[in-house]
Structures are given as C-alpha cells and as structure tokens.
Amino acid sequence: MDQPSINNIVLEVSGLKKSFGDFHILSGANLELREKENIVILGHSGTGKSVLFKCIVRLIEPDAGDINVLGENILALKDEKLTELRIKIGYVFQGGALYDSMSVRDNLEFPLKHTKGPGRSQAELNELVEEALSNVGLIKSIDKMPSELSGGMMKRIGLARTLIQKPNILLYDEPTTGLDPVTSGEISELILKVQEDYNTSSLIISHDIKCIEITANQVRVLKEGKFEAGGTLDEMKHHEDPFVNSFFK
Amino acid sequence: MAGRTGIKDTISDFLIGVGDIGSFISTIFYNFLKHGINIQELSKQCYRIGNKTLPLISITGFILGLVLTLQSGPTLAKFGAESMLPGMVSLSIIREIGPVIVALIVAGKVGSGIGAELASMRVTEQLDAMEVSGTNPISFVVTTRVIGVSIMLPLLVLYADAFSILGSYISASAAYNISLEAFMHKAFDVIHYADLIPTIIKTFFFGFAIGLIGAYKGYYAKRGTEGVGEAANSAVVLSSISIFIIDLIAVQVSHIIS
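Residues numbered from 1 in each chain as written. Chains lettered and ligands numbered in written order. Predicted model: local features only at pLDDT ≥ 70, side-chain atom pairs only at ≥ 80, totals over all residues.

Visitor: What's the story with the overall build of chain A in this structure? I'm lost.
Guide: A tally of helices and strands in chain A yields 9 helices and 10 strands. On C-alpha atoms alone, chain A measures out to a radius of gyration of 18 Å, which is about the 18 Å that the 2.2 N^0.38 rule sets for 249 residues. Overall, the C-alpha framework of chain A stretches about 55 × 40 × 40 Å when taken along its three principal axes. Residue burial in chain A is summarised as follows: out of 249 residues, 43% are buried. Expressed as a percentage of contacts within chain A between residues at least 6 apart in sequence, the contacts between residues at least 24 apart total 68%. (Helix = DSSP H or I, 4+ residues; strand = E, 2+ residues; numbered from the N terminus. Rg over C-alpha atoms; globule rule 2.2 N^0.38 Å. Buried ≥ 20, exposed ≤ 12 C-beta atoms within 10 Å, placed from the backbone. Contact = placed C-beta atoms within 7 Å.)

Given below as structure tokens:
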C-alpha cells in the first residue's frame, strides 16, 4: 500500500507499561499513528497486542505511560468526556462481539440509541443502519440474528456497528483470523475501503501476510512488551533481525 | 503449617470477595443515581423473569398447598382442630414457605440465567463492545437485571401464594368437604397486613440478592466457556445460601419489631 504524506498524529502511546502480577506484558511501548495511516502490529501470542488496544480505550488501566488520542490524554478523562473520546475510537473485536440477543438491525441501532447524541427518528436510524450495512456489503442480513451469520459476516457486521458512530480511529483485533483466504482478502479490502470512505486511521493486529500486504502503510513488531522494529512492509521483510524476519517467512 | 496457610487463604479470599461485592454494589448504586435506569430494558427483563418462571411457580405453588394440607390435616384432625387447617396452611405459606420456595426456584432459574448470560457476554467481549461504544454496561445490563428480579420476586411470591391456597382448598375440600366460602373465610381471617408487609420486604431483598449475585458472578466471570458454567453454578449456590441468611435475619428483625 502507498505511504500517506506526513499528517498529524492522531494517536500517541508513550512509555506504556502494564503488568498482571509478576507478568510484565507491556514494558514501555511507544507508538505513533498519523491521519489516514494504517499500522499493522505483529508479535507472538501473549506479547501484549490486545492489552495495548484495551489500554488505548481504557478497558484496562495501564500501570504507567501516556496515551494521547486526538490531542487529549485519555488516561486523565472521566465519565462523559471519556465516553465522548471512546466513541471516536472504533474497536473491531476479533469475533465481532455482536449482541447475540439482538438482530443485526438492533445491534447497529444500539450504539445510536443508547449513547448521548442528537435525537434521531426511526427513519433516520433506518437510513444510518442501511448505509453502514451497505458499506460492508451485508444489507440483506439486516433482520438476521447473529447465530445465523458466518464468522466473516459477524466480523463485517461488527465493523458496520463500529462505523455507524463515525469514528476517527479504528482498532482491528485480528480481523482476518479464522477466515478462509477469500473472505480474509475481502475483509482486508474492506478495511482499505473503509479508510477511504470514512477517512480513518487504523491500528491492525494481524499475522495474515495477505492482510498486511493489502492494508499496511507501516508495520510494527512487538517483542517483550516493547516495539522492537518498525517500517514499511518491504523494510520489515528485509530486516536484519531474525526475530522480525521470522514473521514473513 | 500447610493447614494454617489454607485457612488463612480461605479467609483472605472470603474477605476479598466481600470487598469486591461491596464495591460492585456501590458501582450499581452510583450508576443508578447518576444515569437512572433504562425503563425499556427494565420492562423487558421483568417480562423475561415472569415469563421464565410463571409456569414452574404455578405448578410448585399449587402442589405445595395441596401437599401441606394433606400432611397437616390428619394431625389436626387427631385434636379435632380441622377447622384451623385453612388458617394454618395459608399463614405458613404466606409468611415462610411460599417466599423461600419461590425464591429458591427463581435463584435456580433466573439467577443462574443472569450469571450464564453475563458470563457469556464477558467471554465473547459483548460487555467490552458495549463499554467502548459509549454505553455503560453496569447501567444497561446489570442494574436492569438486579432491579428487575427485586421487583418481580415479591409479585411472583404473591402469585404462587394464591396458587398454594387454591391447592390447599382443593385438598381440604376433598378430604373434609369444606366449602370455598368457609375455607377462604377461615384462611384470610388469620392473615393481617402485619404478615404480608414483612414478607414483601423480605422477598424484595431475596430478589436483590439473586440478581446481584448472578450479575456479579457473570460480570466478573473468567474467560472461556468453563467460566460461563462456573458463573451459573456459583450464582445458584450463593443465592440459595443468601436466601436462608436473609430469611434468618428477617425473622429476627420482624420478631424484634413486633
């Protein structure tokens, strides 16, 4: 993927530390994400990739460090201010995390109905839901229940539910894991399309080389709680460190 | 030494658990006072709780009254006190047996359901998704369920009591040829508001404990499918124990007040 021109930083993580008991997950991670940039994060299981995402949206409180999102220190925010900023960060969960007691339509309406914002009529809600579903190519599934959907469809609808709140930053937690190569390619293309349509910046956790090739402007490798290396996909493929290199073999 | 360490750990775990549940209660109240409650979701939960338990409670209540009358009748007859049967059965059902039996049924059916549902939402990251999309899961998911059980349990107990008294009448009518009018007159002659109000208050607390424990166990479930089963199971066990403890306290308090 082409490199974006130098843009403003939308997300900055510095010196982030998080431990669970004696187990140090993040030990001083630093990261910068710029406008319209897609960064893919690589790392072995248990190196803290998902913990990093959860710290960014404060589902987990870090032990130390700073996280700046769209110019605001998210760690210093409380209640309404935190909620407002969280809405600007869309989190696409690994399995979609759809509310299984609700239909696809209700899943998409839920964040619009239950967060503070402009009061919307049912016609406006319908329009927004249909637009989001069209963007992920699943308008026909509007009245289905999550149990009737495949893994790939759930991921797409999870993305649609995130997009309906028009976020500035998207965090994708393994968006193509567990999918067949064709669906995986479709999801990767969708990530790119979303970036173009919604002008978003994205952090993507992935081990799928095809997904990385399609989506990444930059690649960062997480090792022992710190970002070990970073660069474009080509730079990383020819990196001198065998650890970094091993991800592309 | 190992035994002493084991006891120390158990006490420590118990105290941490008490602290955690205390903090959970304060979070629920804080969110309730700050954000109020989603009436639509509360109504949905009340409907689900009633819908889930009504058939079972109807049958259990009916059989309870029937059996209690069949078992007490011969003993009272020995003393020539058959006429006291409707009053004795209805009073024991309304004051004690009805509330405890219905609460145990609701703990098994609803408490375990809340535990399993929330644990499943935790495991599949639905609670996390709700939180990052700007909806407070404590307000939307937990408070509505806890308040829902607290409201519904007293109503379900009154409903089951009515079925028990009906069962008792059918049994008494068959065995002692007593008319409906005479049965009801004798049954309600001994029941006063002083019997009903403590029962309603007590069952409200039973409901609160069932909802709270189910929600707590589910909300903090460990990851994985094992955590779902464990949450449902421990919700039933702890709710059942708490029902007996609350009942014991309620009896003592009502004795002191009266």
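Visitor: Got a minute to help me understand the interface of chain B and chain A in this structure?
Guide: On the chain A side, the residues contacting the 11 residues of chain B number 14 residues. Element by element, the count of residues in the side of chain B that touches chain A is highest for helix H4 (residues 126–132) of chain B, at 5 residues. Within the side of chain B that touches chain A, the residues separate by chemical class into 3 nonpolar, 5 polar and 3 charged. (Nonpolar A, V, L, I, M, F, W, Y, C, P; charged D, E, K, R; others polar.)

Visitor: Looking at this structure, how should I read the sheet that holds strand S8 (residues 201–205) of chain A?
Guide: Within a sheet, each strand pairs with its neighbour through backbone hydrogen bonds, oriented either parallel or antiparallel. Residues and elements named next belong to chain A. Pairing is mixed in the open sheet, where 6 strands are placed in the order S6-S7-S8-S3-S9-S10. Whereas interior strands pair on both sides, the edge strands pair on one side only; in this sheet they are strand S6 (89–92) and strand S10 (226–231). For this sheet, the mean angle separating the axes of adjacent strands, direction not counted, is 20°. As judged from the 5 bridges shared by strand S9 (residues 218–223) and S10, these two strands associate in the antiparallel manner. By the bridge assignment, Leu-222 is partnered in S10 with Phe-227. Set on the sheet, helix H1 (residues 49–56) makes contact with strand S3 (38–42), S6, strand S7 (169–173), S8 and S9; between it and S7 the angle comes to about 150°. (Pairing = 2+ DSSP bridges. Axes fitted to C-alpha atoms, helices over the stretch in contact; angles between N-to-C directions.)

Visitor: Teacher, can you tell me more about the sheet that holds strand S2 (residues 23–34) of chain A here?
Guide: Residues and elements named next belong to chain A. Strand order in this open sheet of 4 strands is S2-S1-S4-S5, and the pairing throughout is antiparallel. What marks the edges here is a single partner per strand, and that holds for S2 and strand S5 (72–73). Bridge count between strand S1 (residues 9–20) and strand S4 (residues 64–69): 5 bridges; the pairing is antiparallel. Note on S4: the bridge partner recorded for Ser-14 is Asp-66. Together, S1, S2 and S4 form the strand contacts of H1, whose direction differs from that of S1 by roughly 115°.

Visitor: Sorry, what's going on with unusual backbone geometry here?
Guide: Peptide bonds are trans in most cases, and residues, glycine excluded, mostly fall at negative phi. Positive phi values are uncommon outside glycine, yet Asp-79 of chain A reaches one of about 40°. Within the fold, Asp-79 of chain A resides in helix H2 (residues 79–87). A positive phi angle, near 55°, is found at Asn-177 of chain B, a position not held by glycine. Relative to the assigned elements, Asn-177 of chain B resides in the loop between helix H5 (137–176) and helix H6 (180–189).

Visitor: Please explain the pairing of S7 of chain A as it appears in this structure.
Guide: All names here are of chain A. Of all 5 residues in S7, 5 are buried, a share of seventy percent or more. Here S7 shows no split at all, with Ile-169, Leu-171 and Asp-173 on one side and Leu-170 and Tyr-172 on the other all buried. Summarising the sheet, S6 and S7 pair through 4 bridges and their orientation is parallel. Pairing of Tyr-91 across the sheet is with Leu-171, part of S7. Note that S7 and S8 share 5 bridges and pair parallel. Looking across to S8, one finds that Asp-173 is bridged to Ile-205. Note on the crossover from S7 through helix H6 (residues 181–198) to S8: the handedness is right-handed. (Right-handed = clockwise from strand over helix to strand, strands pointing away.)

Visitor: Before we go on, may I ask you to explain the packing of helix H3 (residues 85–123) of chain B against H6 of chain B in this structure?
Guide: Each pair of packed helices can be described by the angle between their axes along with the distance between the axes. All names here are of chain B. In contact at an axis separation of 7 Å, H3 and H6 are set at 55° when each is read in the N-to-C sense. One way to sum up the angle between H3 and H6 is to call them oblique. In the packing of H3 onto H6, the handedness of the crossing is right-handed. Along its contact with H3, which presents Pro-86, Gly-87 and Ser-90, the element H6 presents Phe-183, Lys-186, Ala-187 and Asp-189. For the contact of H3 with H6, the per-class residue count stands at 3 nonpolar, 2 polar and 2 charged. (Parallel < 35°, antiparallel > 145°, perpendicular 65-115°, else oblique. Left-handed = near helix turned anticlockwise from the far one by under 90°.)

Visitor: Can you walk me through the confidence of the model for chain A in this structure?
Guide: Note that predicted coordinates carrying low pLDDT should not be read in detail. On average, residues of chain A score 89 in pLDDT, and 97% of them reach the 70 mark or higher. By mean pLDDT, the top-scoring element of chain A is S4 of chain A (95), and the lowest-scoring one is helix H9 (residues 242–246) of chain A (82). (pLDDT = per-residue confidence, 0-100.)

Visitor: What's the story with the environment of Thr-225 of chain B in this structure? I'm lost.
Guide: Residue and element names in this part refer to chain B. Examined against the element boundaries, Thr-225 turns out to sit in helix H8 (residues 225–257). For Thr-225, a count of 10 C-beta atoms within 10 Å gives the class exposed. Residues Thr-225 and Val-123, 102 residues apart in the sequence, show an inter-C-alpha distance of 7.4 Å.

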